Amino acid sequence: MTAVSGGTGGGPATGDGGGAATSVPEGRYGRTADERIDRKLKVVGAVLGVLALGVLGWFGYDSIAGSKVSGEIIKSDIVSDTSVEVHLEVHKKADANGYCTLRSQAEDGSEVGRADFRFDQDKGRIDKVVTLRTAERATSVELVSCHKD
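Cut-off values and rules
- Residues numbered from 1 in each chain as written.
- Predicted model: local features only at pLDDT ≥ 70, side-chain atom pairs only at ≥ 80, totals over all residues.
- Heavy atoms only, no water.
- UniProt positions renumbered as here; feature names shortened; annotations may be inferred.
- Helix = DSSP H or I, 4+ residues; strand = E, 2+ residues; numbered from the N terminus.
- pLDDT = per-residue confidence, 0-100.
- Disulfide = S-S within 2.5 Å.
- Buried < 20%, exposed > 50% of the residue type's maximum accessible area, 1.4 Å probe, protein only.
- Pairing = 2+ DSSP bridges.
- Axes fitted to C-alpha atoms, helices over the stretch in contact; angles between N-to-C directions.

A. Just the UniProt feature "transmembrane region" (unreviewed entry) in the protein chain, in detail. Per the UniProt record, "transmembrane region" (unreviewed entry) is found at residues 41-61. In residues 41-61, helix accounts for 100% and strand for 0%; the two terminal C-alpha atoms are 30 Å from one another.

B. Up close: the confidence of the model for the protein chain. Of the residues in the protein chain, 78% have a pLDDT of 70 or more, and the chain-wide mean is 83. Taken element by element, the predicted model of the protein chain shows its lowest mean pLDDT in helix α1 (residues 33-65) (87) and its highest in strand β4 (residues 111-119) (95).

C. Region of the structure containing the state of the cysteines. This structure, assessed with the given rule, holds one disulfide. One disulfide in the model links Cys 100 with Cys 146; its S-S distance is 2.1 Å. With the S-S bond torsion at 105°, the cross-link from Cys 100 to Cys 146 turns out right-handed. Here the residue Cys 100 occupies a position in strand β3 (residues 98-105), and Cys 146 occupies one in strand β6 (residues 140-148), the gap between them amounting to 46 residues. Cys 146 matches Cys 100 in its accessibility class, with the two residues each being buried.

D. Looking closely at the sheet that holds β3. With antiparallel pairing, the three strands of this open sheet are ordered in space as β4-β3-β6. Bordering the open sheet on either side are β4 and β6, each of which pairs with just one other strand. With direction set aside, neighbouring strand axes in the sheet form an average angle of 20°. Pairing between β3 and β6: eight bridges, direction antiparallel. From the neighbouring strand, Arg 103 faces β6, where its bridge partner is Glu 142.

E. Region of the structure containing the sheet that holds strand β1 (residues 69-80). Spatial ordering of the open sheet is given by β1-β2-β5, a layout of three strands whose pairing is antiparallel. In this open sheet, the two strands that pair with only one neighbour each are β1 and β5 (125-133). Taken over all neighbouring pairs, the strand axes of this sheet differ in orientation by 20° on average, direction set aside. Of the pairings in the sheet, the one linking strand β2 (residues 83-92) to β5 comprises nine bridges and is antiparallel in character. Its bridge partner being in β5, Val 90 is matched across the sheet by Ile 126.

Next comes the structure, spelled out in structure tokens:
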């Protein structure tokens, strides 16, 4: 038995009658195992991709919207062996209450002072000079963090 292509002329024959066919007719026996596995992998990959985008979006939103209090040191002056004056600029939502933590270090890097300063004013931007008490002479001051209540 021979199989001949259905067209006129030019089309290749699927068999020449002298041997067995090298492939099965397309679509005749359903999907192969490889096609089923490929489809499952594509579905699993798409679901995992959507979940990853959702988690990334949630963390991005939380880091922007959840951070209601932020601060910046404008200037600091070491006024004595036991205190440092720090000019802070704090940004927050007007109805938010929060605090900022400052710390100071001595020349050898040891911490000589740490304190929290509250900001409860109903303003979005607050400029305030605060005094940080130290155990010995400080050489640097840093803003550790700002948090909402």
